[in-house]
Amino acid sequence: MFKIIALCTLLASASALSTFGKHNSGGGGGGHSSASSDDVHAEVKSYTSDVRPDGFEYAYDTTNAINSAASGDAYGNVHGDFGWVSPEGVHVALQYTADENGYQPNSDILPTPPPIPAAILKALEYIRTHPPKEESNSYHAASSNNRNSFRHF
């Protein structure tokens with residue numbers, strides 16, 4: 001199953017790069033695009049791909065600073081990264097791992113949760129330092145007897 005997924009991923013990447021090259025080869029066409037002039041004339045500078053029984057690897061780099069690389073093993077674990085330059089001129093990079101723990105991206109562009117409010121931190125510290133007291137067995141016995149005493153047969 002892993003081999004099929006890896007092969008489909010590589011074929012999709014190759015197809016996207018092939019389509020990218022065809023659409024951006026400078027030929028005429030009335031298509032409208034919001035891409036910059038660098039994107040319109042971008043070319044693939046390098047592309048490598050290797051699918052093996054024990055995993056896969058691929059990497060590509062384009063003239064407009066789009067790049068990606070990934071590798072995976074026979075167990076479905078994948079490590080990779082990709083990057084590009086935003087319209088504002090900022091280099092954006094993202095690294096990821098996909099394994100038995102799910103997809104785990106890592107990047108400065110990803111949103112982060114807000115800080116925990118001070119009142120919540122104080123309450124959590126209080127709970128940690130004041131654990132609940134153990135209830136006595138006599139209380140449980142009395143309460144279970146009370147519940148049973150209300151049953152009518």
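Everything discussed here concerns the structure shown above.
Residues numbered from 1 in each chain as written. Predicted model: local features only at pLDDT ≥ 70, side-chain atom pairs only at ≥ 80, totals over all residues. Heavy atoms only, no water.

### What about the overall build of the protein chain?
Part 1: Helix and strand counts for the protein chain come out as four helices and six strands.
Part 2: Out of the 153 residues in the protein chain, the part that is buried amounts to 16%.
Part 3: Pairs at least 24 residues apart make up 19% of the contacts formed inside the protein chain by residues separated by at least 6 positions.
Part 4: Carbon and sulfur atoms make up 58% of the accessible area of the protein chain, which totals about 11,900 Å². (Helix = DSSP H or I, 4+ residues; strand = E, 2+ residues; numbered from the N terminus. Buried < 20%, exposed > 50% of the residue type's maximum accessible area, 1.4 Å probe, protein only. Contact = heavy atoms within 4.5 Å. Areas by Shrake-Rupley, 256 points an atom, 1.4 Å probe, with all protein chains shown as cover.)

### Remarks on unusual backbone geometry
Part 1: In this model, A65 sits at a positive phi of 70°, which is unusual for a non-glycine residue.
Part 2: Here A65 lies in the loop between strand 2 (55-62) and strand 3 (67-73).
Part 3: With relative accessibility at 28%, the residue A65 sits in the partly exposed group.

### Considering helix 3 (residues 118-129)
Because the α-helix completes a turn every 3.6 residues, residues three or four places apart line up on one side.
Part 1: Here helix 3 spans 17 Å end to end across twelve residues, near enough to the 16 Å set by a 1.5 Å rise per residue.
Part 2: Burial analysis of helix 3 places just zero of its twelve residues in the buried class, a small minority of the element. (Expected span 1.5 Å × (residues − 1).)

### Brief notes about the pattern of salt bridges
Part 1: Across all of its chains, the model carries five salt bridges by this definition.
Part 2: K45 is paired through a salt bridge with D61; the nearest N and O atoms lie 3.5 Å apart. Highlighted residues: K45 in strand 1 (residues 44-52) and D61 in strand 2, separated in sequence by 16 residues.
Part 3: A relative accessible area of 23% places D61 in the partly exposed class.
Part 4: With a shortest N-O distance of 2.5 Å, R128 and E125 are connected by a salt bridge. With R128 and E125 both in helix 3 and three residues apart, the pair spans about one turn of that helix. (Salt bridge = Lys/Arg side-chain N within 4 Å of Asp/Glu carboxyl O.)

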